[in-house]
Amino acid sequence: MSAVASVVTRFAPSPTGFLHIGGARTALFSYLYARRHGGRYLLRIEDTDRERSTDEAVRAIFDGLDWLGLVSDVEPVFQTQRFDRYREVIEGMLEAGTAYHCYCTKEELDQMRAAQMARKEKPRYDGRWRPEPGKVLPERPEGVQPVVRFKNPLSGEVLVDDMIKGPISFQNEELDDLIIARGDGTPTYNFCVVVDDMDMDITHVVRGDDHVNNTPRQINILKALGAEPPAYAHVPMILGADGVKLSKRHGAVGVIEYRALGFLPEALLNYLVRLGWSHGDQELFSRQEMVELFDISRVQKAPARFDMEKAVWVNHQYLKSADPVHVAPEFDWHLRRVGVDPAHGPALAAVIEAQRERCKTLVEMTEKSKFFYAELEGYNEKDAAKHLTAEGGAVLDALRERLEVLPQWTAPALHEAVNGFAEGRGLGLGKVAQPIRVAVAGMAISPPIDQTLFLLGRERTLARLAAAVSYCRGPGAQP
RNA sequence: GCUCCUAUCGUCUAGAGGCCUAGGACGGAGCCCUCUCAAGGCUUAAACCCGGGUUCGAAUCCCGGUAGGAGCGCCA
């Protein structure tokens, strides 16, 4: 094998909720970086907080990742299954003197913090239990389960050469001795991350930039463990349209919600990859192109706002160019979601092809295509008032007779019939097509009329025309 | 408060000292096309946070301000 260490990245969510849109982008960047360099992309579930972690959240995260196609190259790692390993490392550090017991109570620490804040200092542990040569430690209090703290270097600096942000330096004096094991012996986040990244041979850590301040601490622990720190890439977060941190009140923040909103997974990925990253003027990238062109050093340093309008535009581009057969299962999912069974009616791919230029999302497509598969729930009021008039009824009646005897139910034949009919009556096509639309689709919006009727089929078309004719004659008719 | 980070049209971005009269995309406005809705075509408005340097020359480099963000837990 080559002596050059191959790239290994990881995405490490904590299962306290669904997969966030920002998390999805981090996962995508992590995945792309690995693929771009022929490396591996791994998944790690950071569930050490048993209070807040749930199986449901784990499932939600897997669902989101599955939908986006960002699945781990190997079996995901769960931190809760590695407690023995963490304990072992902590024991080792205690023995080596790179960690020590601290008997401060939570109350004591709270007081310490409060006093420091009052003095306008950065709150931090004062090192009262930190062993030093010649130093006399306080007397061990009764009944206090000690925590384990990492013995952070007191001086010098830690330089993080971030792949996105560039060099960032931290003074060790600013860092305090963080807790790596709680009173009950369970390890804490910053410690688990370090041990896992080390054990998993992670070469490149791609994560949200809310972690930059954790990085020097992690590097120090890694060094204390004799491990080579990985390279870091801190990706800025995604903001809501108002420039404020994305939250529920901005609408959809969970990846899976975008499925319900009618997005195609590859479209969402495309939008996400362009959010904070670019390759010249190119807007659309296939998965293959993303992998080939993605350059993490070109990721923007500043946070970006999520723009639903543009995301929808990207989705529309995908809807328009994707293979309809590939889109069909998602479309099926949406139709069933609103209680429409697409089994009886035109092929989904054919409807997708007919509708896609007028539908930016699958939700929109579903709304505008239900009439192909389900009975009309009534006419759109405005459209009916405008087109299903007495006059419109007469047109529909005559047309229905003509279509009834049409020998071949094909789009060209229908085109011929409808156009010929309009011409014969000296009417503009609009005068004929619009009433037909409302009659068969329930609204004045549909694909070109010949395609619409062809897809709908002879039986349904004739029945709906007949129903519309009687509607026009009924009490709802206009004079 | 302290530490760290950031700053180009409304939004996403191009821009590596002269190619910038600052380009593209979304969104906006207008026109064309049209059986509806769209799609498409064309046109158009719209930005270098501020102030100092460095330089013949700065959106680009440096410093300072301002504004925004993140972190400062026995949370992750």
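Cut-offs used in this document
Residues numbered from 1 in each chain as written. Chains lettered and ligands numbered in written order. Predicted model: local features only at pLDDT ≥ 70, side-chain atom pairs only at ≥ 80, totals over all residues. Heavy atoms only, no water. Salt bridge = Lys/Arg side-chain N within 4 Å of Asp/Glu carboxyl O. Helix = DSSP H or I, 4+ residues; strand = E, 2+ residues; numbered from the N terminus. Buried < 20%, exposed > 50% of the residue type's maximum accessible area, 1.4 Å probe, protein only. Axes fitted to C-alpha atoms, helices over the stretch in contact; angles between N-to-C directions. Parallel < 35°, antiparallel > 145°, perpendicular 65-115°, else oblique. Left-handed = near helix turned anticlockwise from the far one by under 90°. Contact = heavy atoms within 4.5 Å. Nonpolar A, V, L, I, M, F, W, Y, C, P; charged D, E, K, R; others polar. Domains from an automatic or database assignment. Expected span 1.5 Å × (residues − 1). Arc of directions from axis to C-beta. Near = heavy atom within 4 Å. Polar contact = N/O pair within 3.5 Å; in protein donor to acceptor, adjacent residues only side chain to side chain. Phe/Tyr/Trp six-rings, centres within 6.5 Å; stacked < 30°, edge-to-face > 60°. Lys NZ or Arg CZ within 6 Å of the ring centre and 35° of its normal. Pairing = 2+ DSSP bridges. Right-handed = clockwise from strand over helix to strand, strands pointing away.

**Some points on the pattern of salt bridges**
Phase 1 of the analysis: Tallied over the full model, the rule gives 30 salt bridges.
Phase 2 of the analysis: The salt bridge partner of Asp-110 is Arg-113, with a shortest N-O separation of 3.2 Å. Note that Asp-110 and Arg-113 are positioned in helix H4 (residues 106-118) at a spacing of three residues, about one turn of the helix.
Phase 3 of the analysis: When its relative accessible area of 44% is taken as the criterion, Asp-110 is described as partly exposed.
Phase 4 of the analysis: Look at the salt bridges and you will find they share partners, linking Arg-10, Arg-44, Glu-46, Arg-82, Arg-85, Glu-88, Asp-196, Asp-197 and Asp-199 into a network.

**Notes on the packing of helix H16 (residues 411-424) against helix H17 (residues 429-441)**
Phase 1 of the analysis: Packing of H16 against H17 leaves a shortest axis separation of 8 Å and a crossing angle of 125°. Viewed along their axes, H16 and H17 adopt a mutual orientation that is oblique. Considering only the axes of H16 and H17, their crossing is right-handed. The residues of H17 that touch H16, namely those facing Val-418, Asn-419, Phe-421 and Ala-422, are Leu-429, Val-432 and Ile-436.
Phase 2 of the analysis: Of the residues contributing to the contact of H16 with H17, the split by class is six nonpolar, one polar and no charged.

**What to know about the domain arrangement of chain A**
Phase 1 of the analysis: As assigned here, chain A comprises domain 1 (1-75 + 236-307), domain 2 (81-190), domain 3 (322-374) and domain 4 (381-473).
Phase 2 of the analysis: Taking only C-alpha atoms into account, the centre of domain 2 sits 57 Å from that of domain 3.

**As for helix H19 (residues 458-473)**
Phase 1 of the analysis: For H19, spanning 16 residues, the distance from its first C-alpha to its last is 23 Å, which sits close to the expected 22 Å at 1.5 Å a residue.
Phase 2 of the analysis: For H19, the set of buried residues is Thr-461, Leu-462, Arg-464, Leu-465, Ala-468, Val-469 and Cys-472. When H19 is viewed along its axis, its buried side chains cluster within an angular range of 165° and face the same direction.

**Comments concerning the protein's contact with RNA strand B**
Phase 1 of the analysis: In the vicinity of RNA strand B lie 65 residues, with Lys-120, Arg-182, Gly-276, Glu-357 and Ser-446 positioned nearest.
Phase 2 of the analysis: In RNA strand B, atoms within 4 Å of the protein come from the sugar-phosphate backbone in 70% of cases.
Phase 3 of the analysis: The contact in question runs from a base nitrogen of RNA strand B to an N or O atom on the side chain of Asn-214, over 3.5 Å.
Phase 4 of the analysis: Lys-320 places a side-chain nitrogen or oxygen 2.9 Å from a sugar or linking oxygen of RNA strand B.
Phase 5 of the analysis: The set of elements that each furnish at least two residues to the surface near RNA strand B consists of H4, strand E7 (166-171), helix H5 (189-199), strand E12 (304-305), helix H10 (308-321) and H17.
Phase 6 of the analysis: When its residues are assigned to classes, the surface near RNA strand B shows 20 nonpolar, 16 polar and 29 charged.

**Description of the packing of aromatic side chains**
Phase 1 of the analysis: Scanning the entire structure with this criterion turns up 13 aromatic pairs.
Phase 2 of the analysis: Between Phe-83 and Tyr-86, the aromatic rings sit 6.1 Å apart at their centres with planes inclined by 55°, giving tilted as the arrangement. Within this pair, Phe-83 and its partner Tyr-86 are both found in helix H3 (residues 83-96), separated by three residues, close to a single helical turn. The burial state of Phe-83 is the same as that of Tyr-86; both residues are buried.
Phase 3 of the analysis: Seen in terms of ring centroids, Tyr-379 and Tyr-471 are 4.9 Å apart; in terms of plane orientation they differ by 70°. Their pairing is edge-to-face. Of this pair, Tyr-379 sits in the loop between helix H13 (362-369) and helix H14 (381-387) while Tyr-471 sits in helix H19, and the two are 92 residues apart along the sequence.
Phase 4 of the analysis: Overall, the relative accessible area of 32% leaves Tyr-471 in the partly exposed class.
Phase 5 of the analysis: An aromatic cluster is built from Phe-29, Trp-277, Phe-285 and Phe-294, whose rings are joined through pairwise contacts.
Phase 6 of the analysis: One cation-aromatic arrangement involves Arg-149 over Tyr-125; the distance from NZ or CZ to the ring centre is 3.5 Å.

**Quick word on the pairing of strand E9 (residues 204-208)**
Phase 1 of the analysis: Summarising burial for E9: five of the five residues are buried, a large majority.
Phase 2 of the analysis: Where E9 lies against strand E10 (residues 231-235), five bridges are found, and the strand directions are parallel. Across the sheet, residue Gly-208 finds its bridge partner in E10, namely Val-235.
Phase 3 of the analysis: A crossover links E9 with its parallel partner E10, the connecting element being helix H6 (residues 215-224), and its sense is right-handed.

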